[in-house]
Amino acid sequence: MTVEGKTILVTGSTDGVGRWLALRLGAEGARVLVHGRDRRRGEAVVAEIGRQGGEATFLEADLASLGEVRKLADVVQGQTDGLDVLVNNAGIGTAGDTREVSADSCELRFAVNYLAGFLLTRLLLPKIERRAPSRIVNVSSLGQQAIDFSDVMLTRGYSGMRAYRQSKLAQILFTVDLAEELGGRNVTVNALHPATYMDTTMVRLSGVRPMSTVEDGGEAILRLVASPAVESLSGRFFNGKRESRADAQAYDPDARSRLRRLSFDLVGMADPRSAQRP
Ligand SMILES: NC(=O)c1ccc[n+]([C@@H]2O[C@H](COP(=O)([O-])OP(=O)(O)OC[C@H]3O[C@@H](n4cnc5c(N)ncnc54)[C@H](OP(=O)(O)O)[C@@H]3O)[C@@H](O)[C@H]2O)c1
């Protein structure tokens, strides 16, 4: 798969590894949908892609609001006739131990890092299927912690680290679950840990010394976006470019269906799988 002529949405591409990926995809001839919540930085990425001779559009949305996620999906639907690749990359890191909530009263990292991507993917699925073979890439992490279904919103024992890790594992449960649903429909969905402590804003904010570059992580994401080597793989988790195992909860069907039910409830959508059951 070459990215030339493909329409690719990268969430959180105003900074960090998402920005690196958007620039690279633009340079290779993709039509890039650059997303972020900061218009000035978003337009700067679009302008840089334009200077390289590429084509890009900026789409503004704060993923801490499900209403804004819906508007983002509407804009994508209006501006494209199909989406070849969706990269759910936007995220908030581990810094800070004060619990925060989204516009919809969900714990903030669960909302931004996981639930926004869940809803965006669900809403854009028809556009993605229209371009099959097409791909969904969820940028997760090796930092994972099992979801406590008795307190998903972390009202007790909160820490920024725990919230981050839970949200990153939720992305992987979603990846495995969606891959099962999409079997035979020519749309793959995979998750990855791009690289460890890349030199990005979220790592600097957490006070950790960077150990790798955005290029290291960006190349690993690009492989899942475009490489023929992974074209038939779906529901997998990668550590960089190597296939790996996620936390055991990702392989627990009960946990996956609990998260699935909760997620459909939180976003107010019907689960297409329950509709198929008698
Ligand atoms: N850095 C690492 O070593 C590492 C390791 C493993 C996994 N990851 C994953 O890689 C992904 C990218 O991280 P990064 O290191 O590149 O971080 P980053 O430089 O902090 O970039 C994060 C991106 O997400 C956007 N974002 C955050 N909150 C948002 C919101 N509410 N609405 C819309 N956009 C929002 C940011 O926009 P603003 O600039 O406006 O905040 C930015 O564009 C994340 O999913 C992260 O978990 C990173």
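Residues numbered from 1 in each chain as written. Predicted model: local features only at pLDDT ≥ 70, side-chain atom pairs only at ≥ 80, totals over all residues. Heavy atoms only, no water.

**Topic: the sheet that holds strand S7 (residues 237-239)**
In step 1: Read from one edge to the other, the open sheet built from 8 strands follows the order S3-S2-S1-S4-S5-S6-S7-S8, with strand pairing classed as mixed. Edge positions in the open sheet fall to strand S3 (55-60) and strand S8 (242-244), since each of these has one partner strand only. Ignoring strand direction, the axes of neighbouring strands in this sheet form an average angle of 25°.
In step 2: Two elements, strand S5 (residues 134-139) and strand S6 (residues 187-193), share 6 bridges in a ladder whose sense is parallel. Pairing of Val139 across the sheet is with Leu192, part of S6.
In step 3: Taken strand by strand, helix H5 (residues 160-182) contacts strand S4 (85-88), S5, S6 and S7, and its axis lies near 160° from that of S6.
In step 4: Where helix H7 (residues 214-226) meets the sheet, it contacts strand S1 (7-10), S4, S5, S6 and S7, and its direction lies at approximately 155° from that of S5. (Pairing = 2+ DSSP bridges. Helix = DSSP H or I, 4+ residues; strand = E, 2+ residues; numbered from the N terminus. Axes fitted to C-alpha atoms, helices over the stretch in contact; angles between N-to-C directions. Contact = heavy atoms within 4.5 Å.)

**Observations regarding helix H4 (residues 108-130)**
Working note: α-helix, 3.6 residues per turn, so residues spaced by three or four point in the same direction.
In step 1: Helix length check: H4 (23 residues) gives 32 Å between terminal C-alpha atoms against 33 Å at 1.5 Å per residue, within 8%.
In step 2: Of all the bends in H4, the largest measures some 55° and sits at Leu124, one to four residues before the proline Pro126.
In step 3: The backbone nitrogen of Arg109 has a side-chain oxygen 3.1 Å away, supplied by the residue at the start of H4, namely Glu107. (Expected span 1.5 Å × (residues − 1). Bend = angle between axes of the 7 residues up to and from the residue. Polar contact = N/O pair within 3.5 Å; in protein donor to acceptor, adjacent residues only side chain to side chain.)

**Quick look at the environment of Gly184**
In step 1: Position of Gly184 relative to the elements: it lies in the loop between H5 and S6.
In step 2: Spatially, the C-alpha atom of Gly184 lies 25 Å from that of Gly5, the residues being 179 residues apart in sequence.

**Here we look at the side chain of Lys168**
In step 1: Topologically, Lys168 is positioned in helix H5.
In step 2: One buried charged side chain, Lys168, makes no salt bridge at all; its nearest oppositely charged neighbour is Glu107, positioned 12 Å away.
In step 3: In contact with Lys168, other than residues within four places in its own chain, are Asn113, Val139, Ser140, Ser141 and Gly143. (Buried < 20%, exposed > 50% of the residue type's maximum accessible area, 1.4 Å probe, protein only. Lys, Arg positive; Asp, Glu negative; His and termini not counted. Salt bridge = Lys/Arg side-chain N within 4 Å of Asp/Glu carboxyl O.)

**Quick look at the side chain of Thr7**
In step 1: Looking at the secondary structure, you find Thr7 in strand S1.
In step 2: Other than its neighbours up to four places away in sequence, Thr7 contacts Arg31, Leu33, Thr80, Gly82, Leu83, Asp84, Val85 and Arg131.

**With respect to the packing of H4 against H5**
In step 1: It is at 7 Å that the axes of H4 and H5 come closest, and there the two elements cross at 20°. By the angle between their axes, H4 is roughly parallel relative to H5. Of the two elements, H4 crosses H5, and the hand of that crossing is right-handed. Contacts from Arg109, Phe110, Asn113, Tyr114, Gly117, Phe118, Thr121, Arg122 and Leu125 of H4 reach H5 at Gly160, Ala163, Tyr164, Gln166, Ser167, Lys168, Ala170, Gln171, Phe174, Leu178, Glu181 and Leu182. (Parallel < 35°, antiparallel > 145°, perpendicular 65-115°, else oblique. Left-handed = near helix turned anticlockwise from the far one by under 90°.)

**Here's the deal with the packing of H4 against helix H8 (residues 253-267)**
In step 1: Direction vectors running N to C along H4 and H8 enclose 80°, while the axes themselves pass 11 Å from each other. Our classification of the angle between H4 and H8 gives roughly perpendicular. Between H4, through Phe110, Tyr114, Leu115, Phe118, Leu119 and Arg122, and H8, the contact on the second element is made entirely by Leu259, Arg260, Leu262, Ser263, Phe264, Leu266 and Val267.

**Section: the site of the ligand**
In step 1: The ligand sits among 33 residues. The nearest are Arg37, Asn89, Tyr164, Met198 and Thr200.
In step 2: Separating an oxygen atom of the ligand from a backbone N or O atom of Val17 is a distance of 2.9 Å.
In step 3: In the complex, the protein chains occlude 94% of the 890 Å² of accessible area that the ligand would expose alone.
In step 4: Broken down by secondary-structure element, the contributors of at least two residues to the shell around the ligand are helix H1 (16-27), H5 and helix H6 (201-205).
In step 5: In terms of residue count, H6 provides more of the shell around the ligand than any other element does, 3 residues in total. (Near = heavy atom within 4 Å. Areas by Shrake-Rupley, 256 points an atom, 1.4 Å probe, with all protein chains shown as cover.)

**Remarks on the packing of aromatic side chains**
In step 1: Counted under the stated rule, the structure contains 5 aromatic pairs.
In step 2: Three or more aromatic residues link up through ring pairs in this structure, and these residues are Phe110, Tyr114, Phe118, Phe174 and Phe264.
In step 3: Between the NZ or CZ atom of Arg245 and the centre of the ring of Tyr251, over which it lies, the distance is 3.8 Å. (Phe/Tyr/Trp six-rings, centres within 6.5 Å; stacked < 30°, edge-to-face > 60°. Lys NZ or Arg CZ within 6 Å of the ring centre and 35° of its normal.)

**Describing the pairing of S1**
In step 1: Burial along S1 is two-sided: the residues Thr7 and Leu9 and Ile8 and Val10 are all buried.
In step 2: In this sheet, strand S2 (residues 31-36) lies alongside S1 in parallel orientation, the contact comprising 4 bridges. Directly across from Leu9, in S2, lies its bridge partner Leu33.
In step 3: Remark: the S1/H1/S2 crossover connection has right-handed handedness.
In step 4: With 3 bridges joining them, S1 and S4 adopt parallel strand pairing. Looking at S4, one finds that Val10 is bridged to Val87. (Right-handed = clockwise from strand over helix to strand, strands pointing away.)

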